[in-house]
Amino acid sequence: MVKKFCYILSFMLVSLTAISQNQKKFSAEITTWYQDKVGAVSISFDDASYTQYEYAYPVLEKYKLKATFSLVGEWTHDKPTYSAEPDIFLIKKMGWQQIKELHQNGHEIAAHGYKHQKYGKRLPKIILTQQMRQIKNLIESKINAPVYTLHYPYSFTSDSIIAAAEESGFLFGRTEGKENVNQYKLNNKYLLVSQAILNDTTPNENEFAQWIKQANGNWLILMYHHLFPQGSKEMNIMKNHNVKNTFSLYPDTFEKQIKTVAASGYWVAPIAVVGKYIVEREHTKIEMRMFCNTIKIKTFTTVDTTIYNQALTVKVKLPWTKISVEGSENDGDYKVKNSELLIDILPGKTIKIKKRK
Ligand SMILES: [Zn+2]
């Protein structure tokens, strides 16, 4: 069997296309989601409320999940500070120290405007771009890393606003929309839809479970704001003023929701990580070549690999049981189960799979 393949020097595979009948036992494809998961979920936060650091961050660490935290430039100081837009009570915000800690622990830091104001849809693109670069540059200078995601203030967008987001160097823009989830093929990476947690009971447990269900095959982005404990001063103020959409939930409720997310089996990752994967997947083709007991899988990509550096998962089908992998993100010797192997590969790289005795 092996011998037969020795003389077939090479054959090409374009993405999902199957190969000729003789070679059916060998195939390679980029999986829709990382590690061949059935869907993706991103957990995102707005306004950099200190309670996110106090209550949400430890829960995320407990379940080993990484999220996206967005901040407002003029609300963020070295030390935690109380701030808010006019007419809203003051809420303690994270300082740069907390933001940096989140970043160092693998969470994404995103921009939410230098000011907490809707971007003006009538402003010329050049002005909008200046405003967006102001917050992008500020965060980048503090965390010493690129900022890829913009959470539009109040989710407000227009054609000129999304054009400015692209011009400013953002790769992704998060808003809300009619759809509950993003499709596995993105309509527009500057109009990612998200689902807002409106208060402690909206969504309720059933509704939340429904959202999670809808992530099957798709990408769900959750949008959180504040986590105030039951009986806290902040929850009481909102209760006394009959505020319906408090954009706040109890830390216990948050943990329940995160537990559901963690148990879902989906790929859970920050917005820029999932977004990059999708863009790379759509712009990368793979070619498989065989030489006797070696398979070479080469990726051809049209994306800028200095920015798009998220590993793609390639599902390889092969009839060999013992192999070694080189050039991937998880090199080593493997025993192949069910003739199938998942290998992570950076776009633009080539991997070698060798049959072992
Ligand atoms: Zn906000």
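Residues numbered from 1 in each chain as written. Predicted model: local features only at pLDDT ≥ 70, side-chain atom pairs only at ≥ 80, totals over all residues. Heavy atoms only, no water.

**Points about the overall build of the chain**
Under the convention used in this document: Helix numbering and strand numbering both begin at the N terminus, where a helix is a DSSP run of H or I of at least 4 residues and a strand a DSSP run of E of at least 2. We take the radius of gyration over the C-alpha atoms and set the globule estimate at 2.2 Å times the residue count to the 0.38 power. Note on classification: 1.4 Å probe, protein chains only; a residue is buried when its accessible area is under 20% of the maximum for its type, exposed when over 50%, partly exposed between these limits. In what follows, a contact means two residues having at least one pair of non-hydrogen atoms within 4.5 Å. Surface accessibility follows the Shrake-Rupley procedure with a 1.4 Å probe radius. Residue values consider only the protein chains on display as shielding.
A count of helical and extended segments in the chain gives 9 helices and 20 strands. Taking 357 residues into account, the globule formula puts the C-alpha radius of gyration at 21 Å, and the chain, at 23 Å, falls close to it. For the chain, the C-alpha atoms occupy an extent of roughly 80 × 45 × 35 Å along the three principal directions. Put simply, the chain has 357 residues, and 49% of those count as buried. When contacts within the chain are restricted to residue pairs at least 6 apart in sequence, those whose partners lie at least 24 apart make up 69%. Surface summary for the chain: the accessible area is close to 17200 Å², and the carbon and sulfur share equals 49%.

**What to know about helix H2 (residues 50-62)**
Our working definition: Here a helix's expected span is defined as the number of its residues, less one, multiplied by 1.5 Å. Fitting axes to the seven residues ending at a residue and to the seven starting there, one defines the bend at that residue as the angle between these axes.
Taking 1.5 Å as the rise per residue, H2 with 13 residues should run 18 Å; its terminal C-alpha atoms sit 18 Å apart, in good agreement. Along its length, H2 shows its largest kink, about 40°, at Ala-56, and proline Pro-58 lies within four residues downstream of that point. All buried positions along H2 are accounted for by Tyr-50, Thr-51, Gln-52, Tyr-53, Ala-56, Tyr-57, Val-59 and Leu-60. Summarising the contacts, the buried residues of H2 are in contact with strand E2 (40-45), strand E3 (68-71), strand E5 (91-93), helix H3 (96-104), strand E11 (226-227) and helix H8 (251-263). Backbone geometry just downstream of H2 places Lys-64 in the positive-phi region, at approximately 55°.

**A word on the pattern of salt bridges**
For clarity, the threshold we go by: For this analysis, a salt bridge means a side-chain nitrogen from Lys or Arg found within 4 Å of a carboxyl oxygen belonging to Asp or Glu.
Evaluated as defined, the whole model comprises 13 salt bridges. Ionic pairing is found between Lys-62 and Glu-255, a salt bridge with its closest N-O pair at 2.6 Å. Here Lys-62 is found in helix H2, whereas its partner Glu-255 is found in helix H8, with 193 residues between them in sequence. Under the relative-accessibility criterion, Lys-62 is labelled exposed at 55%. Ionic pairing is found between Arg-289 and Glu-287, a salt bridge with its closest N-O pair at 2.4 Å. Looking at Glu-287, the relative accessible area reads 7%, which means it is buried. Salt bridges sharing partners connect three or more residues here, namely Asp-36, Lys-315 and Glu-340.

**Let's talk about the sheet that holds strand E18 (residues 332-335)**
Quick reminder of the rule: Pairing between two strands requires that DSSP report at least two bridges joining them. To define axes, lines are fitted to C-alpha atoms, for helices over the stretch in contact only, and angles between the resulting N-to-C directions are given on a 0 to 180 degree scale.
One open sheet holds the 5 strands; their spatial order is E14-E15-E20-E17-E18, and the pairing between them is antiparallel. The open sheet has two edge strands with one neighbour each: strand E14 (284-291) and E18. Each strand axis lies, on average, 20° off the axis of its neighbour in the sheet, ignoring direction. As paired elements, E14 and strand E15 (residues 294-301) share 8 bridges and run antiparallel to each other. Bridging across to E15, Glu-287 finds its partner in Lys-298.

**A closer look at the coordination of the zinc ion**
Convention followed: For Na, K and Ca the donor cutoff is 3.2 Å, while for all other metals N, O and S atoms count as donors only within 2.8 Å; water does not appear among the atoms, so some sites may look incomplete.
Summarising the metal site, the zinc ion is bound by the protein donors Asp-47 (OD), His-112 (NE2) and His-116 (NE2), whose distances to it range over 2.1 to 2.2 Å. All donors of the zinc ion belong to a single chain; written as a sequence motif, their spacing is D-x64-H-x3-H. Accessibility classification places His-112 together with His-116 in one group, the buried group.

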